[in-house]
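Descriptive structure summary
Residue-level listing of the chains:
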Amino acid sequence: MRQLLLATRNAHKTREFAEILGDEFHVSDLLEAQNIPEIKETGRTFAENAIAKAVDLSRAVVNLVVGEDSGLEVDALGGAPGIRSARYAGENATARDNIDKLLRALARTDPDRMRRSARFRCVLALACGGKLLGTFEGLIGGIIVDPPRGENGFGYDPLFAPDGFDKTFAELPAKVKNRISHRAQAIRALRARLPALPRGDQGLAGGGGGPGG
Ligand code: ITT
């Protein structure tokens, strides 16, 4: 089984990775790694943040590391919340706070609900031993619905109906979201690249070694 360490403390992301990658991979994250400091997201793009997360962590562990940065871009808001998606309504904002702020901002800029187009974007960075091995991007277009609907998923899922579906990501079954999502697309691109990695990097894949180990 291949080991992938995700440079994330977002358990929802980890669950989606595990479901998308299937039994061939063992996916772990930083939730129980108290000794690994939080990486500040200072980049100006998803890619810069994903690279910083992956390369930084890969210096401290033996695993193949994946950094992930993602978010929602709403056209009527000039692409906001974008890279600020997690902390849109403040440093300790809940998903509900972020959703409420987004709907208030949209009601101000687009009172007639004419411009509801949006997309989720995800960038993955793959790193090993402090070296960047590649970046992979996925995106999915859709519309913002108001009021929010559904209980599945996380973050902005109750607000977002992907193109071709009447239901939001939070109403659709996880297996549908995980087939079409921004994250699914980026993960499939990364998985396709894994067999081409230099032997040394692949050799780590079966070797275990969690965070700090
Ligand atoms: P890490 O930095 O530890 O990975 P984070 O949640 O802070 O966790 P990001 O900075 O990448 O991660 O922020 C991503 C935010 O974008 C996330 O918290 C959600 O608010 C939103 N988001 C990303 N993908 C999403 C998805 O599939 N469904 C709903 N919201 C999503």
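Scroll up for the structure.
Criteria and cut-off values
Residues numbered from 1 in each chain as written. Predicted model: local features only at pLDDT ≥ 70, side-chain atom pairs only at ≥ 80, totals over all residues. Heavy atoms only, no water. Helix = DSSP H or I, 4+ residues; strand = E, 2+ residues; numbered from the N terminus. Rg over C-alpha atoms; globule rule 2.2 N^0.38 Å. Contact = heavy atoms within 4.5 Å. Near = heavy atom within 4 Å. Polar contact = N/O pair within 3.5 Å; in protein donor to acceptor, adjacent residues only side chain to side chain. Areas by Shrake-Rupley, 256 points an atom, 1.4 Å probe, with all protein chains shown as cover. Core = buried A, V, L, I, M, F, W, Y, C linked by side-chain atoms within 4.5 Å. Buried < 20%, exposed > 50% of the residue type's maximum accessible area, 1.4 Å probe, protein only. Pairing = 2+ DSSP bridges. Salt bridge = Lys/Arg side-chain N within 4 Å of Asp/Glu carboxyl O. Phe/Tyr/Trp six-rings, centres within 6.5 Å; stacked < 30°, edge-to-face > 60°. Lys NZ or Arg CZ within 6 Å of the ring centre and 35° of its normal.

1. Quick word on the overall build of the protein chain
Broken down by element type, the protein chain carries six helices and six strands. Compactness check: the protein chain gives a C-alpha radius of gyration of 17 Å against a globular reference of 17 Å for 213 residues, within 12% of the reference. Considered along the principal axes of its C-alpha atoms, the protein chain spans approximately 55 × 30 × 25 Å. Partitioning the intrachain contacts of the protein chain with sequence separation of at least 6 by distance along the chain shows that 58% fall at a separation of at least 24.

2. Comments concerning the site of the ligand
Looking at the ligand, there are 21 residues lining it, with Thr8, Lys13, Lys53, Asp157 and Lys177 nearest. One of the side-chain nitrogen or oxygen atoms of lysine 53 is found 2.8 Å away from an oxygen atom of the ligand. At 2.9 Å from a nitrogen atom of the ligand is found a side-chain nitrogen or oxygen belonging to arginine 183. A total of 610 Å² of accessible area belongs to the ligand in isolation, and the protein chains cover 90% of it. Among the elements of the structure, strand S3 (65–74) and helix H5 (182–193) are those that each provide at least two residues to the shell around the ligand.

3. Describing the nonpolar core
Counting 21 residues, the largest nonpolar core has Leu72, Val74, Leu102, Ile144 and Tyr156 as the members making the most contacts within it. Sorting the residues of this core by element identifies S3, helix H3 (95–109), strand S4 (117–128), strand S5 (131–144) and helix H4 (174–180) as the ones contributing at least two each. Each residue touching leucine 72, except ones within four places of it in the same chain, is listed here: Gly79, Ala80, Pro81, Gly82, Ser85, Leu102, Ala118, Arg119, Phe120, Ile144, Tyr156 and Phe160. Membership of the second largest hydrophobic core comes to 20 residues, among which are Val66, Cys122, Leu126 and Ala186.

4. With respect to the pairing of S4
Among the twelve residues of S4, ten are classified as buried, and the element is accordingly described as predominantly covered. Examined bridge by bridge, S4 and S5 share twelve bridges and lie antiparallel to one another. Paired with alanine 118 across the bridge in S5 is glycine 142. Connecting S4 to the antiparallel partner S5 that follows it, the hairpin turn spans two residues, and glycine 129 within it adopts a positive phi of roughly 55°.

5. Observations regarding the pattern of salt bridges
Here the structure, examined in full by the defined rule, presents 18 salt bridges. Between aspartate 69 and lysine 53 there is a salt bridge, with the nearest N and O atoms lying 3.1 Å from each other. With aspartate 69 in strand S3 and lysine 53 in helix H2 (residues 46–58), this pair connects stretches of sequence that are 16 residues apart. Grouping residues by exposure puts aspartate 69 and lysine 53 together as buried. When the shortest N-O distance is used, the salt bridge between lysine 177 and aspartate 157 registers 2.8 Å.

6. Topic: the packing of aromatic side chains
Throughout the structure, instances matching the rule amount to three aromatic pairs. Aromatic pair phenylalanine 120 and phenylalanine 169: ring centres 6.0 Å apart, planes at 15°, arrangement stacked. One end of the pair, phenylalanine 120, is in strand S4; the other, phenylalanine 169, is in the loop between strand S6 (160–162) and H4, and 49 residues separate them in sequence. A residue is classified by how much of its surface remains accessible, and phenylalanine 120, at 6% relative accessible area, is buried. Taking the relative accessible area as the measure of exposure, phenylalanine 169 reaches 1% and is therefore buried. Aromatic side chains phenylalanine 160 and phenylalanine 169 sit 5.4 Å apart centroid to centroid with 45° between the ring planes, which places their arrangement in the tilted category. Through pairs of rings, three or more aromatic residues link up here, namely Phe120, Phe160 and Phe169. For lysine 101, the ring lying beneath its charged end belongs to tyrosine 88, and the centroid distance is 4.5 Å.

What is shown is where atoms sit, not what they do.
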